[in-house]
Amino acid sequence: MGSSMSMESTGPRVFSGGIWEERYGYARAVVVGDRVIVSGCTATVDGEVRHHGDAYLQSRTAMDIALEAVAMGGLSREDVVMVRYYVVEHGHFDQVGRAIGEVFGRVRPACTGVRVAGLVDPNMLVEIEIEALRA
């Protein structure tokens, strides 16, 4: 699915160039020792929310972005130990869960899903955080 973002690492911080990172003053990911902690990712690519109305495809795009940040932090999908996701519609839990299952399959990280009132852009249906730990 590819995010088409260009990640940049400056020491323990990874930046994707996303509009919210600069506007709200945070990094896409932070490397702390053997951990890579990835901020919430949505399906925003080049400043635009992709896959309007499709929670499954938004999830896949968000995870692509998150996993790219994990890789920039020196770890891989197999090192992911926690996935947290936030949906705005109850009916999206299964779509997001299916996407997580496809992406992480045998890795089987811990996972928490929460329904929220909304995200920063009304076109965003899901936001996903990932934490990875070098075993």
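A few points on the structure. (Residues numbered from 1 in each chain as written. Predicted model: local features only at pLDDT ≥ 70, side-chain atom pairs only at ≥ 80, totals over all residues. Heavy atoms only, no water.)

## Focus on the layout of surface pockets
To keep things clear, this is the line we draw: Cavities and pockets were defined on a 1 Å grid built from protein atoms only: a cavity is a group of points that admits a 1.4 Å probe but offers it no way out, a pocket is an open group of points flanked by protein on both sides within 12 Å along at least five of seven lines, and a lining residue is one with an atom within 4 Å of any such point. Grid points are joined across faces, edges and corners, and a volume is the space filled by probe spheres set on the points. By the criteria applied, helices consist of DSSP H or I runs no shorter than four residues and strands consist of E runs no shorter than two, each listed in order from the N terminus. For this scheme, ten residues count as nonpolar: Ala, Val, Leu, Ile, Met, Phe, Trp, Tyr, Cys and Pro. Four count as charged, namely Asp, Glu, Lys and Arg, and the remainder, Gly too, count as polar.
In this structure, the largest pocket spans a volume of roughly 230 Å³. Trp20, Tyr26, Arg28, Gly40 and Thr42 are, among the 18 residues lining the largest pocket, the residues nearest its centre. Only helix H1 (19-24) and strand S4 (35-41) provide two or more residues apiece to the lining of the largest pocket. At four residues, the largest contribution of residues to the lining of the largest pocket is made by H1. Of the residues assigned to the lining of the largest pocket, the class counts are nine nonpolar, six polar and three charged.

## Here's the deal with the nonpolar core
Stated precisely, the cut-off is as follows: We define a nonpolar core as any set of buried Ala, Val, Leu, Ile, Met, Phe, Trp, Tyr and Cys residues linked to one another through side-chain atoms lying within 4.5 Å. Categorising residues by exposure relies on relative accessible area from a 1.4 Å probe, with only protein chains included: less than 20% of the type maximum marks a residue as buried, more than 50% marks it as exposed, and the intermediate range marks it as partly exposed. The criterion used for residue contact is that any of the two residues' heavy atoms lie within 4.5 Å.
Core analysis: the largest hydrophobic core is formed by 37 residues, its most contacted members being Val38, Tyr85, Phe104, Ile128 and Ile130. Looking at this core, the elements with two or more residues in it are S4, helix H2 (55-72), strand S7 (80-87), helix H3 (93-104) and strand S9 (126-133). The element that contributes the greatest number of residues to this core is H2, accounting for nine residues. Leaving out residues up to four positions away in the same chain, Tyr85 has contacts with Phe93, Val96, Ile100, Cys111, Thr112, Gly113, Val114, Val126, Glu127 and Ile128.

## Here we look at the pattern of salt bridges
Filter applied, for reference: The salt bridge definition used is simple: a Lys or Arg side-chain nitrogen within 4 Å of an Asp or Glu carboxyl oxygen.
Counting across every chain of the model gives eight salt bridges. With a shortest N-O distance of 2.6 Å, Arg35 and Glu131 are connected by a salt bridge. One end of the pair, Arg35, is in strand S4; the other, Glu131, is in strand S9, with 96 residues separating them in the sequence. Judged by relative accessible area, Arg35 falls into the partly exposed class, the value being 35%.

## Let's talk about the pairing of S7
Quick note on the threshold: A strand pair is defined by DSSP finding two or more bridges across the two strands. The handedness rule is simple: strands pointing away from the viewer, and a clockwise path from the first strand over the helix to the second, make the crossover right-handed.
Strand direction decides the pairing type here: S7 and S9, joined by seven bridges, are antiparallel. Note on S9: the bridge partner recorded for Val87 is Val126. The pairing of S7 with strand S8 (residues 110-115) spans six bridges and is parallel. Of the residues in S8, the one forming a bridge with Tyr85 is Gly113. Crossover connection from S7 via H3 to parallel S8: handedness right-handed.

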